[in-house]
Amino acid sequence: MPELPDVEMFRREAAKALNQRIMAADFGNTKLVKASRKDLNEHLIGKAFTTATRVGKNLYLAAADGSGLAMHFGMTGSLQYTGAGDQDPKYLIFSLKLENNHKLQYESRRKLGSIHFSKNIHNHIAEQDLGPDALDIKKRDFLEKIKSSNTMIKVLITDQSFIAGIGNVYADEILFQARIHPRQKASQLSHKMMEGLYEQTQNVLKTAISKQADVKKLPGKYLLPLRKKQGKCPVCEGNLQQLKISGRTTFFCPSCQKITK
């Protein structure tokens, strides 16, 4: 599933389309588009997006009058800014044709995710049950939230109402880099471990963005390139183990990530 680094890449793609008037909006018969052709034609055609904003794993495109689109990318969604001669994506869901003959195109192989239209995108953002963006939250606020929770740390940091942007995959990397067991209770972390968790949240997400969210390009001591069955820890070379936490597969190193009390 696209997480914060992936959606930041999509935001940068969307930014290429800013200040270009929208000439047409095309979509097929899909439940992903939560907007009518009437609304799109009336409120977006002829206008241009002036801002592309990411909050966690969500992308918001807004015109000068505040109307716009809210996008979530589900399991396999992506956003591409394509040229006039480029072939349409194979699993195209939604396409905006721009005055420069480029297109902003949303595709999703598994047809999951959503595209909402709102007459006031800022109000739409405020109505979502989202915590602060993982790259924006201040250390003091992060530590206060952590120490007041008795939830398993993996569950907590993937709760979008707690902190927005971290999903199942990057949570594994953050916890590995912080040397914290995914089943560790948040309230049982020492102050030093909490600070380490905050720092690694920032470091991992910024590193992933710098590598264009390409797992294969991550540093050699990162878990994600080896996050698979029979994978080896990049630090101690021991076997990685798997757990099911809230129904999602979690990878960790039992030697490097021990539960503390």
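Remember, predicted model here, so these are calculated numbers, not experimental data. (Residues numbered from 1 in each chain as written. Predicted model: local features only at pLDDT ≥ 70, side-chain atom pairs only at ≥ 80, totals over all residues. Heavy atoms only, no water.)

Within the protein chain, the regular secondary structure consists of 7 helices and 11 strands. In terms of overall dimensions, the protein chain is globule-like: its C-alpha atoms have a radius of gyration of 20 Å, near the 18 Å expected for 261 residues. The C-alpha extent of the protein chain, read off along each of the three principal axes, is 60 × 35 × 30 Å. Expressed as a percentage of its 261 residues, the buried residues of the protein chain come to 51%. Counted over contacts in the protein chain with a minimum sequence separation of 6, partners at least 24 positions apart contribute 65%. Roughly 12,600 Å² of accessible area belongs to the protein chain as shown, and the carbon and sulfur atoms make up 46% of that amount. Each charge sign in the protein chain was given a centre, from 41 positive and 25 negative side chains, and these centres are 7 Å apart. (Helix = DSSP H or I, 4+ residues; strand = E, 2+ residues; numbered from the N terminus. Rg over C-alpha atoms; globule rule 2.2 N^0.38 Å. Buried < 20%, exposed > 50% of the residue type's maximum accessible area, 1.4 Å probe, protein only. Contact = heavy atoms within 4.5 Å. Areas by Shrake-Rupley, 256 points an atom, 1.4 Å probe, with all protein chains shown as cover. Lys, Arg positive; Asp, Glu negative; His and termini not counted. Charge placed at Lys NZ, Arg CZ, Asp CG, Glu CD.)

Strand order in this open sheet of 5 strands is β2-β9-β5-β4-β3, and the pairing throughout is mixed. Two strands lie at the open edges of the sheet, namely β2 (33-34) and β3 (49-55), each paired on one side alone. In terms of strand pairing, strand β4 (residues 58-63) meets strand β5 (residues 68-72) through 5 bridges, oriented antiparallel. Residue pairing across strands places Leu 59 opposite Met 71, the latter belonging to β5. Against the sheet, helix α1 (residues 4-15) makes contact with β3 and β4, and its axis sits at roughly 175° relative to β3, the strand it touches most. (Pairing = 2+ DSSP bridges. Axes fitted to C-alpha atoms, helices over the stretch in contact; angles between N-to-C directions.)

The next point concerns the pairing of strand β11 (residues 248-252). One ladder, built from 5 bridges, connects strand β10 (residues 241-245) with β11; its direction is antiparallel. Its bridge partner being in β11, Lys 244 is matched across the sheet by Thr 249. Adjacent in sequence and paired antiparallel, β10 and β11 are bridged by 2 residues, among which Ser 246 carries a positive phi angle near 55°.

The subject of this paragraph is the packing of helix α4 (residues 139-147) against helix α7 (residues 191-210). Contact geometry of α4 with α7 gives a least axis separation of 10 Å together with a crossing angle of 125°. On the basis of their axis angle, the class for α4 and α7 is oblique. Both α4 and α7 take part in a crossing whose hand is right-handed. Facing Lys 139, Phe 142, Leu 143, Ile 146 and Lys 147 of α4, the residues of α7 in contact are His 191, Met 194, Glu 195, Leu 197, Tyr 198, Glu 199 and Thr 201. The residue inventory of the contact of α4 with α7, partitioned by class, reads 6 nonpolar, 2 polar and 4 charged. (Parallel < 35°, antiparallel > 145°, perpendicular 65-115°, else oblique. Left-handed = near helix turned anticlockwise from the far one by under 90°. Nonpolar A, V, L, I, M, F, W, Y, C, P; charged D, E, K, R; others polar.)

Turning next to the environment of Asn 203. Along the chain, the position of Asn 203 falls in helix α7. Put simply, Asn 203 and Lys 138 are 65 residues apart on the chain and 14 Å apart in space, counted from C-alpha to C-alpha.

With that out of the way, let us pick up the packing of aromatic side chains. Throughout the structure, instances matching the rule amount to 5 aromatic pairs. Pairing Phe 73 with Tyr 106 gives two aromatic rings, centres 5.3 Å apart and planes at 15°, and the pair type is stacked. A residue pair is termed long-range when its members are at least 10 positions apart, and Phe 73 in the loop between β5 and β6 (77-82) and Tyr 106 in strand β8 (residues 103-108) qualify at 33 residues. Judged by its relative accessible area of 0%, Tyr 106 falls in the buried class. Here the aromatic residues Phe 10, Phe 73 and Tyr 106 are joined through ring pairs into a cluster of three or more. Above the ring of Phe 27, the side-chain terminus of Arg 37 is found at 4.4 Å from the ring centroid. Over the aromatic face of Phe 176 sits the side chain of Arg 179, whose NZ or CZ is 4.6 Å from the ring centroid. (Phe/Tyr/Trp six-rings, centres within 6.5 Å; stacked < 30°, edge-to-face > 60°. Lys NZ or Arg CZ within 6 Å of the ring centre and 35° of its normal.)

It is worth spelling out the sheet that holds β6 at this point. What the 4 strands build is an open sheet, ordered β1-β7-β8-β6; its pairing is antiparallel. Each end of this open sheet is capped by a strand with a single partner; those strands are β1 (22-27) and β6. Within the sheet, the average angular offset between the axes of one strand and its neighbour, ignoring direction, is 15°. Bridging between strand β7 (residues 92-98) and β8 involves 5 bridges; their strand directions are antiparallel.

So, about a nonpolar patch on the surface. On the surface, Met 1, Met 75 and Leu 112 cluster together into a nonpolar patch covering about 250 Å² of accessible area. As for its placement among the helices and strands, Met 1 is situated in the segment before α1. Classification of Met 1 by relative accessible area gives partly exposed; the value is 45%. (Patch = residues over 30% accessible without salt bridge, like charges linked within 9 Å, V, L, I, M, F, W, Y side chains within 5 Å. Salt bridge = Lys/Arg side-chain N within 4 Å of Asp/Glu carboxyl O.)

For helix α6 (residues 168-178), a buried count of 10 out of 11 residues is recorded, marking the element as mostly surrounded by other parts of the structure. Every buried residue of α6 is listed here: Asn 168, Tyr 170, Ala 171, Asp 172, Glu 173, Ile 174, Leu 175, Phe 176, Gln 177 and Ala 178. Contact partners of the buried residues in α6: α1, α5 (153-157), α7 and β11. Positive backbone phi, approximately 60°, marks Arg 179, located one or two places after α6.

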